[in-house]
Amino acid sequence: SDLDPEGVALALNNLGDLSRQNGELDAAKLNYEQAMSTAKQNDNKSAQAYVLSGLGDVLRDRGELVAARKSYEESLALRKQLGEKQTIAETQVSLAEVSIEEHAAADAEVMLRGCKKQFHEEHQADDELSASVALTSALLAQGKNAEAEAELQRMRALAASSQNRLGRLQYELASGRTEDR
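Now for a look at the structure at hand. (Residues numbered from 1 in each chain as written. Predicted model: local features only at pLDDT ≥ 70, side-chain atom pairs only at ≥ 80, totals over all residues. Heavy atoms only, no water.)

1. Some details on the environment of Asn44
- Tracing the backbone shows Asn44 in the loop between α2 (25-41) and α3 (45-61).
- Here the alpha-carbon distance between Asn44 and Glu6, two residues 38 residues apart in the chain, equals 7.5 Å.
- Apart from residues lying up to four places away in sequence, Asn44 is in contact with Glu6 and Ala39. (Helix = DSSP H or I, 4+ residues; strand = E, 2+ residues; numbered from the N terminus. Contact = heavy atoms within 4.5 Å.)

Below you can see the structure in the form of structure tokens.
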């Protein structure tokens, strides 16, 4: 075949992302599984890490927290092996979000504070904003309402500098959650 295996894995991964965004979780899972098969056949560890992260998102969306955690942990291990500092922190945010859902918000808080610091130092405002949203959830889950409110104030500045609408929407949703408390 003349098809580039790396391109095929990337295309299938992107289809998985699109399917997930459209709420088609079964289709997304199938696309990620096919992408993983292609990435493994070609020993493309970076692609495998991306696929595992996307698969973790689908599993989390389906409420399969144990499987989601396993997928994220496998992704994290590959990313550490590859030395992908940025994506390591992004995967840690996903793991922290699972921890919050598993009622381990204190553990999530510690991880998220480290991720936020890294994103801040690397001027990754959108990633820092995502970590702040998750951190606010972790703080609220622990009843740390004053700290959550302070984090929300920091998020306001991040949202204003965010390059995408999703970041600003995340802020708006988080601010609504703290007002409800």
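2. A short note on the environment of Ser46
- Relative to the assigned elements, Ser46 resides in helix α3.
- In this structure the C-alpha to C-alpha distance between Ser46 and Leu82, which are 36 residues apart in sequence, comes to 7.4 Å.

3. Observations concerning α3
- Taking 1.5 Å per residue, 17 residues should reach 24 Å; α3 reaches 24 Å between its end C-alpha atoms and fits that length.
- Where burial is concerned, most of α3 is hidden: 13 out of the 17 residues are buried.
- In this structure Asn44 caps α3, since a side-chain oxygen of it lies 3.3 Å from the backbone nitrogen of Ser46.
- Positive backbone phi, at 80°, marks Gly63, one or two positions downstream of α3. (Expected span 1.5 Å × (residues − 1). Buried < 20%, exposed > 50% of the residue type's maximum accessible area, 1.4 Å probe, protein only. Polar contact = N/O pair within 3.5 Å; in protein donor to acceptor, adjacent residues only side chain to side chain.)

4. Concerning the layout of surface pockets
- Counted as a void, the second largest pocket has a volume near 150 Å³.
- Looking at the second largest pocket, the residues that line it are Glu6, Gly7, Ala9, Leu10, Asn13, Asn44, Ser46, Ala47, Tyr50 and Val51.
- Only α1 (5-21) and α3 provide two or more residues apiece to the lining of the second largest pocket.
- With five residues, the top contributor of residues to the lining of the second largest pocket is α1. (1 Å grid on protein atoms, 1.4 Å probe; cavity = no way out; pocket = protein on both sides within 12 Å on 5 of 7 lines; lining within 4 Å. Points joined across faces, edges and corners; volume = space filled by probe spheres on them.)

5. Looking at unusual backbone geometry
- In this structure, Asp43 takes a positive phi of about 50° despite not being glycine.
- The residue Asp43 is located in the loop between α2 and α3 in this model.
- Of note in this structure, His103 is not a glycine but carries a positive phi near 65°.
- You can see His103 is positioned in the loop between α5 (85-101) and α6 (105-121).

6. Quick notes on the nonpolar core
- Among the nonpolar cores identified, the biggest contains 20 residues, and Tyr32, Val51, Val58, Ala68, Tyr72 and Val98 are the most heavily contacted of them.
- At the level of elements, α2, α3, α4 (65-82) and α5 are the ones that each hand at least two residues to this core.
- With six residues, α3 is the largest single contributor of residues to this core.
- Residues in contact with Ala68, not counting those within four places in the same chain, are Gly56, Leu59, Arg60 and Val98.
- Residues Cys115, Ala131, Ala134 and Leu140 belong to the second largest nonpolar core, which totals 16 residues. (Core = buried A, V, L, I, M, F, W, Y, C linked by side-chain atoms within 4.5 Å.)

7. Some words on the pattern of salt bridges
- Counted under the stated rule, the structure contains 18 salt bridges.
- A salt bridge links Glu109 to Arg113; the nearest nitrogen and oxygen atoms lie 3.0 Å apart. Of this pair, Glu109 and Arg113 both sit in helix α6, four residues apart, which is roughly one turn of that helix.
- On the accessibility criterion, Arg113 (34% relative accessible area) is partly exposed.
- Within the structure, one salt-bridge network assembled from shared partners comprises Glu109, Arg113, Lys144 and Glu147. (Salt bridge = Lys/Arg side-chain N within 4 Å of Asp/Glu carboxyl O.)

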